[in-house]
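What follows is the residue order along each chain.
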Amino acid sequence: VINDSDYSDLLQARQKNVGRNLSIGYNQKLKIVKGALQYLYDDKGRTFVDCVNNPSHVGHCHPVVVKKMQKQIATLNTNTRYLNDTILEYAEKLTATLPSSLNVCYFVNSGSEANDLAIRMSRHFTKQKDIIVLDHAYHGTSTVAMEMSPYKFDSKGGFGQMPWIHKAINPDLYRGPYKYGDEKAGEKYAADVQRIIEDLKKEDKSPAVFICETLLGVGGQIPLPENYLKTVYEYVRASGGVCIADEVQVGFGRIGDKFWGFELQDVVPDIVVLGKPIGNGHPLAAVIVTNEIADAFNNGMEYFNTFGGNPVSMSAGLAVLEVIQDEEMQQHALEVGNYLMDLLKGLMNKFPIISDVRGHGLFIGAEMVKDRTTMEPAIPEIDIVVEKMKEKGYLLSTDGPLHNVLKIKPPMPFNKQNADEMVQFLEESLNEISL
Ligand code: PMP
């Protein structure tokens, strides 16, 4: 066992010169010095299987991404006020993965910035200000993105809910009012969005935007119920609003069955926001909109972004798309994800503390409770399990409004052997805590 005190100098230096409200994972801290595909290595020579870093989508330091970026950075990196092929090539390849109506790209540097811009564009287009979000959602750390994130504004230190923000209930089939087996649950959850629209109407307003993730991340690793987005999008569009799909966590083939999360719901958003996996960890994000929305935004004021769309970022984006395709990663995510989900469901049958296993492809959540009837969150048990898993070489973390959902979204090269071993260690850990 390696003690925290080993890192006391580092922790002190960090306390002195680096923003202090950034938590560091695990009780026994880790100093990671190297990464390769789904593996991370620490300064003590230990190897870990990374089960949570979805930004390193095609794998940490994937050689194709590294080489392509190295070549570009040794050739040219500049802003986008010059003509350059990389941005055009990337915009073409990226939009080819999307429905044909989504064809104008704005490249930015983070998911927060992308959501911020998406809201600005929606407000230009609709001439309205109000935003409908899902309860517990997280959309980023800029001021506007924080306003849209109940996960932040409702939490300790948060600034509370702005009057133009409206929260719809989380369509959570495990914990919400409409549960698994209710065939109309999607429509029933969507009715809460319609309720907000009706309330706005009474004040002579209508929503500018409805935004949600297409599988809920911070909300608890939750796939949306059937017909949810279809019904919500109809309501929102009927009231003149724009529908934004935040694909920052789930996009780029991770969910296996489809390339994009919104495809699971059989809808076409008006705006799609991309981030995290798009550049394999390099700061790149994108807002992709319809021609109509792009035209409304082109209102005389320039939109310039110093780093957005630079050739190095575009090379990273191109390399990621190339690797996903060449290595058939979407299919891999489907097979390994289904395999892992079956193993986790097997564990759920043995250990009542695991009360729900859900997800698609390599985006999986396992909810942990002390008691299946009361649904009391299994805290601190879940944190003990995460810590034990780290000691056994598997890096996991928790999510959800009650912090009781094991979050599994590994780099895509995560394989069946990793899944077998992970579940074997989870079983060991669960046996150890029930001793
Ligand atoms: N949207 C979602 C769904 C996210 O999970 C995050 C980041 N966790 C963001 C937006 C913000 O992205 P970034 O941290 O790149 O600003």
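Residues numbered from 1 in each chain as written. Predicted model: local features only at pLDDT ≥ 70, side-chain atom pairs only at ≥ 80, totals over all residues.

Observations concerning unusual backbone geometry
Here is step 1 of the chain: With an omega of 15°, the peptide bond running from Ile 379 to Pro 380 counts as cis.
Here is step 2 of the chain: Considering the arrangement of structural elements, one finds Pro 380 in the loop between strand 14 (363-368) and helix 12 (381-391).
Here is step 3 of the chain: The phi angle at Leu 37 is positive, at roughly 55°, despite the residue not being glycine.
Here is step 4 of the chain: Inspection of the secondary structure assignment puts Leu 37 in the loop between strand 1 (32-36) and strand 2 (39-42).
Here is step 5 of the chain: The phi torsion at Lys 276 lies on the positive side, around 20°, for a residue other than glycine.
Here is step 6 of the chain: Looking at the secondary structure, you find Lys 276 in the loop between strand 11 (271-274) and strand 12 (285-289).
Here is step 7 of the chain: On the neighbour-count criterion, Lys 276 (25 C-beta atoms within 10 Å) is buried. (Helix = DSSP H or I, 4+ residues; strand = E, 2+ residues; numbered from the N terminus. Buried ≥ 20, exposed ≤ 12 C-beta atoms within 10 Å, placed from the backbone.)

Describing the pairing of strand 11
Here is step 1 of the chain: Every second residue of strand 11 is oriented toward a common face, with Ile 271 and Val 273 on one face and Val 272 and Leu 274 on the other, all of them buried.
Here is step 2 of the chain: Here strand 11 runs beside strand 12; their pairing, made up of 4 bridges, is antiparallel. Within strand 12, the residue paired with Val 272 across the bridge is Ile 288. (Pairing = 2+ DSSP bridges.)

Focus on the site of the ligand
Here is step 1 of the chain: Around the ligand, the surrounding shell holds 14 residues, and the nearest of these are Ser 110, Gly 111, Ser 112, Gly 140 and Val 248.
Here is step 2 of the chain: Looking at the shell around the ligand element by element, the count peaks at 3 residues for helix 4 (residues 111-126).
Here is step 3 of the chain: In terms of residue class, the shell around the ligand is made up of 2 nonpolar, 10 polar and 2 charged. (Near = placed C-beta within 6 Å. Nonpolar A, V, L, I, M, F, W, Y, C, P; charged D, E, K, R; others polar.)

Examining the packing of helix 2 (residues 63-73) against helix 10 (residues 311-326)
Here is step 1 of the chain: Put simply, helix 2 and helix 10 touch, their axes get as near as 8 Å, and they point 155° apart. It follows from the interaxial angle that helix 2 and helix 10 lie roughly antiparallel. Along this stretch, helix 2 crosses helix 10, giving a crossing that reads as right-handed. Between helix 2, through Val 64, Val 65, Lys 68, Met 69, Gln 72 and Ile 73, and helix 10, the contact on the second element is made entirely by Pro 311, Val 312, Ser 315, Ala 316, Leu 318, Ala 319, Val 320, Glu 322 and Val 323. (Axes fitted to C-alpha atoms, helices over the stretch in contact; angles between N-to-C directions. Parallel < 35°, antiparallel > 145°, perpendicular 65-115°, else oblique. Left-handed = near helix turned anticlockwise from the far one by under 90°. Contact = placed C-beta atoms within 7 Å.)

As for the domain arrangement of the chain
As a measure of interface size, the accessible area lost when the parts come together is often cited.
Here is step 1 of the chain: Taken as a whole, the chain is organised into domain 1 (31-58 + 328-433) and domain 2 (63-326).
Here is step 2 of the chain: Taking only C-alpha atoms, the centre of domain 1 and the centre of domain 2 are 26 Å apart.
Here is step 3 of the chain: Contacts between the two partners involve 28 residues from domain 1, matched on the other side by 29 residues from domain 2.
Here is step 4 of the chain: Of all the elements in the fold, those that place two or more residues in the side of domain 1 that touches domain 2 are helix 11 (329-350), strand 13 (354-360), strand 14 and strand 17 (405-408). (Domains from an automatic or database assignment.)

A closer look at the packing of helix 7 (residues 185-202) against helix 8 (residues 228-238)
Here is step 1 of the chain: Interhelical geometry of helix 7 versus helix 8 gives an angle of 20° and a closest axis separation of 8 Å. Our classification of the angle between helix 7 and helix 8 gives roughly parallel. Relative to helix 8, helix 7 is oriented so that their crossing is right-handed. Where helix 7 approaches helix 8, its residues Gly 186, Glu 187, Tyr 189, Ala 190, Val 193, Gln 194 and Ile 197 are matched on the opposing element by Tyr 228, Thr 231, Val 232, Tyr 235 and Val 236.

A short note on helix 13 (residues 416-433)
Here is step 1 of the chain: For helix 13, built from 18 residues, the straight-helix expectation of 26 Å at 1.5 Å per residue is met to within 8% by its first-to-last C-alpha distance of 26 Å.
Here is step 2 of the chain: Of the residues making up helix 13, those classed as buried are Ala 419, Met 422, Leu 426 and Ser 429. Viewed end-on, helix 13 has its buried residues packed into an arc of 90°, placing them on one side of the element. Facing away from the buried surface of helix 13 by more than 90 degrees, the exposed residues are Gln 417, Glu 428, Asn 431 and Glu 432.
Here is step 3 of the chain: For helix 13, the elements touching its buried residues are strand 3 (47-50), helix 11, helix 12 and strand 15 (394-395). (Expected span 1.5 Å × (residues − 1). Arc of directions from axis to C-beta.)

Let's talk about the environment of Leu 395
Here is step 1 of the chain: Summarising the element assignment, Leu 395 is placed in strand 15.
Here is step 2 of the chain: Take Leu 395: there are 20 C-beta atoms within 10 Å of it, and that puts it in the buried class.
Here is step 3 of the chain: Separated by 236 residues in the primary sequence, Leu 395 and Phe 159 place their C-alpha atoms 32 Å from one another.
Here is step 4 of the chain: In this structure Leu 395 touches Leu 40, Phe 48, Val 49, Asp 50, Cys 51, Val 52 and Lys 390, once residues within four positions along its chain are discounted.

Description of the nonpolar core
Here is a general trend for soluble globular proteins: nonpolar side chains tend to be buried in one another's company.
Here is step 1 of the chain: Core analysis: the largest hydrophobic core is formed by 119 residues, its most contacted members being Ile 271, Ala 286 and Val 287.
Here is step 2 of the chain: Ranked by residues supplied to this core, first place goes to helix 10 with 8 residues.
Here is step 3 of the chain: For this core, the two domains that each supply at least three residues are domain 1 (31-58 + 328-433) and domain 2 (63-326).
Here is step 4 of the chain: Sequence-distant contacts of Ala 286, that is, excluding residues within four places in its chain, are made with Leu 94, Cys 105, Tyr 106, Phe 107, Val 108, Ala 114, Leu 274 and Ile 278. (Core = buried A, V, L, I, M, F, W, Y, C linked by C-beta atoms within 7 Å.)

Considerations on the pairing of strand 2
Here is step 1 of the chain: One ladder, built from 4 bridges, connects strand 1 with strand 2; its direction is antiparallel. Residue Ala 36 lies in a different strand from strand 2, and its bridge partner there is Tyr 39.
Here is step 2 of the chain: In this structure, the hairpin formed by strand 1 and strand 2 is closed by a connection of 2 residues, where Leu 37 is found at a positive phi of approximately 55°.
Here is step 3 of the chain: Sheet topology places strand 2 next to strand 3; 3 bridges connect them, and they run antiparallel. When the sheet's bridge partners are listed, Tyr 39 is paired in strand 3 with Val 49.

Topic: the sheet that holds strand 12
Here is step 1 of the chain: The strand order across the open sheet formed by 7 strands is 4-12-11-10-7-5-6, and the pairing between neighbours is mixed. Two strands lie at the open edges of the sheet, namely strand 4 (104-108) and strand 6 (165-168), each paired on one side alone. The mean inter-strand angle of the sheet, taken between neighbouring strand axes irrespective of direction, is 20°.
Here is step 2 of the chain: Two strands pair when backbone bridges link them, and strand 10 (residues 242-246) and strand 11 are joined in this way by 3 bridges, in the parallel orientation.

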